[in-house]
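Residue-level listing of the chains:
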Number of protein chains: 2
Amino acid sequence: MNKSKAELAIIDFIRKRFPEKRKEILKGIGDDAMVFRNGFVVSTDSFFENIHFDLRYFSMYALGWHTMAASLSDLAAMNAEPLCALVSLNLTKKIGLNDIKTLYQGFDKLSKKYAFDISGGDIVESPAFGLTITVIGKARKPLMRSGAQPGQALFVTNFLGLAEVGRAVLDKDLPRKQYPVAVNKHLYPEPRIKESGLLKKYAKACIDISDGLSTDANHLAAESKVKIVLDTEHVPIHSEVGEFCAMTGIEPLEFILASGEDFELLFTARYLPKISGVKIFKIGKVIKGRGLFVSFRGKQRRISPTGYEHLKGA
Amino acid sequence: MNKSKAELAIIDFIRKRFPEKRKEILKGIGDDAMVFRNGFVVSTDSFFENIHFDLRYFSMYALGWHTMAASLSDLAAMNAEPLCALVSLNLTKKIGLNDIKTLYQGFDKLSKKYAFDISGGDIVESPAFGLTITVIGKARKPLMRSGAQPGQALFVTNFLGLAEVGRAVLDKDLPRKQYPVAVNKHLYPEPRIKESGLLKKYAKACIDISDGLSTDANHLAAESKVKIVLDTEHVPIHSEVGEFCAMTGIEPLEFILASGEDFELLFTARYLPKISGVKIFKIGKVIKGRGLFVSFRGKQRRISPTGYEHLKGA
């Protein structure tokens, strides 16, 4: 979900106010997760009903899967192997023990698949149903947002925009059968833990697509102090994204630039051999300069972090 | 705040369902914090407006202090030195940037005092104002709830019940000047980080008083598989607690057994030398058996974890 301007102002204030001080800490604020010098990596994410998920179409099982996958995605972006998750449940009276058991089945499916523990947390009464998940992983060599350098290319795993199509289809009650991949992507995104492990020899900088390609590529450019140019002709359009955009009259690239929650990995590398079982698209390049640009028929346009609204105005 | 029966049922379910599996993890669920074998200790706590705090009398500064102190208290109970805190802010539209800045001044006061970092977190829109704090510390030798053995005595730092008196005074708008210590204790509790460091040579099992003496002493007895006997005549009554109980007609011991959020340390030790600057009361003993009991004029009565309601019924 895109951060609002107010939220970005708060992040900016906190980051300036609280630089790293403890010697044990390599990176406090400004990456997908905080990083300890011993390789421990920690990230925390909150999710609330009717803001981040909708129980009209999320089963408790899907909710457990979705929120845990979203949390693990931050570890994948850091090239960290998950060790455990702490869950703080914020419960209203309408959520019963059986709901919780089903929610934890969703967590458990991923905890078994990626071999991490569910380790405690907190349970409190709350005016609104939600949860905060803290995941802890370890990385031999944490992969930061700041490692992009001129001469590298920009890659992304899989297609983008599918999760947002899925959300819209479910939200507007459009025919799900026409968008099976997109619907599944919103309910059951796959954290790219395995892909991250396979890419670690090549990737130099990485972020996960949680806020949308324009916001997240801008983060990479800003943290690395480089210019990133997206090659619009190489951003792949999945057929379900194409159909949805045709139906709604949105330009597919604009849609993809602003669509979050795909939880794919956006990374830079000098080169990339074919890696079996991992779908990877080369969508841009890193050059000297600052900021994010798109190239379209040989011309470059700057893209601000808030995405297609500004692109429209450009 | 006391956990409800429903919340205890959820904790019980999760604990049985998710035992420790990863070799890196010493203790997942069932102590004040989760513990890694490398000495890292992690705890997470959620706080919501009108459930855990009331903005009629909490300034944003006091809220920052209170919630961070409550979170750090779990590290103190584990004998861990705090390294950093991650804060997930759950914001409604009524909370502005200046509120956040003042909230972080409260965090900062404690972060300077105890030399830990504020390291990132999350900021999301929420239907209700709240926050979840994850604290990470390290302990040379983590102090568990499970170390109590027959022959040890039970100790507590400082007086109990003050925080609940303070909360009631503020909530019912009673004259604050008559209860200065209690009011300060509710708004600005002190995490017992320093005391924890001074006690570490002696303490064998420890928990912080967050849910109330009866609940927390029951946890110690259960995790250590021992019987703990509280000596009612030795539980100290602070004058403000005494006055409040006299006014409201509640028996002081019953009040103290059920009053949470003092964030004092309840611990067992074979003996305890006088430690300069730390107020410690011996309030009971550990013997063979199971469960929590109070001794009163030579007779013992069992106390269940939910406190004085059951004591009344006994």
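Residues numbered from 1 in each chain as written. Chains lettered and ligands numbered in written order. Predicted model: local features only at pLDDT ≥ 70, side-chain atom pairs only at ≥ 80, totals over all residues.

### Quick notes on the pairing of strand E5 (residues 117-125) of chain B
Residues and elements named next belong to chain B.
Moving on, step 1. Most of E5 is tucked away, with seven of its nine residues classed as buried.
Moving on, step 2. Strand direction decides the pairing type here: strand E4 (residues 81-91) and E5, joined by seven bridges, are parallel. By the bridge assignment, Leu 91 is partnered in E5 with Glu 125.
Moving on, step 3. Remark: the E4/helix H3 (residues 97-113)/E5 crossover connection has right-handed handedness. (Buried ≥ 20, exposed ≤ 12 C-beta atoms within 10 Å, placed from the backbone. Helix = DSSP H or I, 4+ residues; strand = E, 2+ residues; numbered from the N terminus. Pairing = 2+ DSSP bridges. Right-handed = clockwise from strand over helix to strand, strands pointing away.)

### Description of the domain arrangement of chain A
Residue and element names in this part refer to chain A.
Moving on, step 1. Partitioning chain A into structural domains gives domain 1 (5-138) and domain 2 (145-313).
Moving on, step 2. In this structure, domain 1 and domain 2 have C-alpha centres spaced 22 Å apart.
Moving on, step 3. Ranked by residue count, the leading element in the side of domain 1 that touches domain 2 is helix H2 (residues 60-77), at 10 residues.
Moving on, step 4. Across the side of domain 1 that touches domain 2, the residue classes tally to 11 nonpolar, four polar and four charged. (Domains from an automatic or database assignment. Nonpolar A, V, L, I, M, F, W, Y, C, P; charged D, E, K, R; others polar.)

### Section: the interface of chain B and chain A
Moving on, step 1. Counting from both sides, the interface comprises 51 residues of chain B and, opposite them, 51 residues of chain A.
Moving on, step 2. Counting only elements with at least two residues in the side of chain B that touches chain A, the list comes to helix H1 (5-17), strand E3 (40-48), E4, H3, E5 and strand E6 (130-138) of chain B.
Moving on, step 3. At nine residues, E5(B) tops the list of elements feeding residues into the side of chain B that touches chain A.
Moving on, step 4. Of the residues in the side of chain B that touches chain A, the class split is 27 nonpolar, 13 polar and 11 charged. (Contact = placed C-beta atoms within 7 Å.)

### Let's talk about the relation of the copies chain B and chain A
Moving on, step 1. Overlaying chain B on chain A yields an RMSD of 0.0 Å, the required transformation being a rotation through 180° with an accompanying axial translation of 0.0 Å. What the superposition gives is, in effect, a two-fold axis relating one chain to the other. Relative to the rotation axis, the C-alpha of Ala128(B) is the closest in chain B, positioned 3.1 Å from it.
Moving on, step 2. Most of the interface of chain B is mirrored in chain A, where 100% of its interface residues are also at the interface. (Least-squares fit on C-alpha atoms with pLDDT ≥ 70 in both.)

### With respect to the packing of helix H4 (residues 162-171) of chain B against helix H5 (residues 180-187) of chain B
All names here are of chain B.
Moving on, step 1. Put simply, H4 and H5 touch, their axes get as near as 7 Å, and they point 95° apart. The orientation of H4 with respect to H5, classified from their angle, is roughly perpendicular. Listed contacts from H5 to Leu 162, Ala 163, Val 165, Gly 166, Arg 167, Val 169 and Leu 170 of H4 are Val 181, Ala 182, Val 183, Lys 185 and His 186.
Moving on, step 2. Classifying every residue of the contact of H4 with H5 gives eight nonpolar, two polar and two charged. (Axes fitted to C-alpha atoms, helices over the stretch in contact; angles between N-to-C directions. Parallel < 35°, antiparallel > 145°, perpendicular 65-115°, else oblique.)

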